[in-house]
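Architecture at a glance
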Amino acid sequence: LFRKGSLADLILNRNFKIDRALGLQFLVDVACGMSYLHSLNILHRDLKAGNCLISDEWVACVTDFGVSKMMTQEM
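Notes on the structure in this doc start here. Just so it is clear, the model here is predicted, and its values are computed rather than measured. The numbering scheme is per chain: residues are counted from 1 as the chain's sequence reads. Local features in a predicted model are, by the rule used here, given only for residues with pLDDT of at least 70; side-chain atom pairs are given and counted only at 80 or more, and totals for whole chains, interfaces and linings are based on all residues. The side-chain figures draw on all heavy atoms in the structure; neither hydrogens nor water molecules are used.

What follows concerns unusual backbone geometry. In this structure, Asn 41 takes a positive phi of about 60° despite not being glycine. Helix and strand definitions here come from DSSP, where helices need a minimum of 4 consecutive H or I residues and strands a minimum of 2 consecutive E residues; each element is numbered from the N-terminal end. Within the element layout of this structure, Asn 41 appears in the loop between helix H2 (20–39) and strand E1 (42–43). A relative accessible area of 40% means that Asn 41 is categorised as partly exposed. Phi at Arg 45 takes a positive value of approximately 70°, unusual for a residue other than glycine. Inspection of the secondary structure assignment puts Arg 45 in the loop between E1 and strand E2 (52–54). The buried label goes to any residue with under 20% of its type's maximum accessible area, the exposed label to any with over 50%, and the partly exposed label to all in between, with areas taken from a 1.4 Å probe on protein chains only.

Within the secondary structure layout, His 44 lies in the loop between E1 and E2. On the basis of relative accessible area, His 44 is assigned to the buried category, the value being 1%. Pairs of N or O atoms within 3.5 Å make up the polar contacts considered here, provided that, within protein, one atom can donate a hydrogen while the other can accept it, and that residues adjacent in sequence are counted only when both atoms are side-chain atoms. Polar contacts involving the side chain of His 44 include one to the main-chain carbonyl oxygen of Thr 63, which spans 2.8 Å. At a separation of 3.0 Å, a polar atom in the side chain of His 44 contacts the main-chain carbonyl oxygen of Asp 64.

Listed in full, the 12 residues of the largest apolar core are Leu 7, Leu 10, Leu 22, Phe 26, Val 30, Met 34, Leu 37, Ile 42, Cys 52, Ile 54, Ala 60 and Val 62. If you list the elements that add at least two residues to this core, you get helix H1 (7–12), H2, E2 and strand E3 (60–62). The biggest single contributor to this core is H2, with five residues. Should any heavy atoms of two residues lie within 4.5 Å, those residues are considered in contact. Setting aside residues up to four positions removed in sequence, Ile 42 forms contacts with Leu 37, Ser 68, Lys 69, Met 70 and Met 71. Throughout this description, the term nonpolar core refers to a set of buried Ala, Val, Leu, Ile, Met, Phe, Trp, Tyr and Cys residues connected via side-chain atoms within 4.5 Å.

Structure representation (structure tokens):
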């Protein structure tokens with residue numbers, strides 16, 4: 001479950017400080033998610049902090065595929 005909200009929620013929360021280790025882990029999580037999508041020939045096209053949800057285990061997950069697109073040979 002994603003009860004921690006989005007990455008944007010955490011960034012804007014003045015009562016919560018993202019330390020360096022957690023911030024780097026979020027970066028790795030998002031990069032791995034995007035790499036996985038690209039391996040499936042999917043372009044997300046709307047990557048932002050609001051579209052990255054934080055799990056109860058503090059894992060950042062890429063969400064919201066409303067404007068995603070399949071990559072084609074012409075791209």
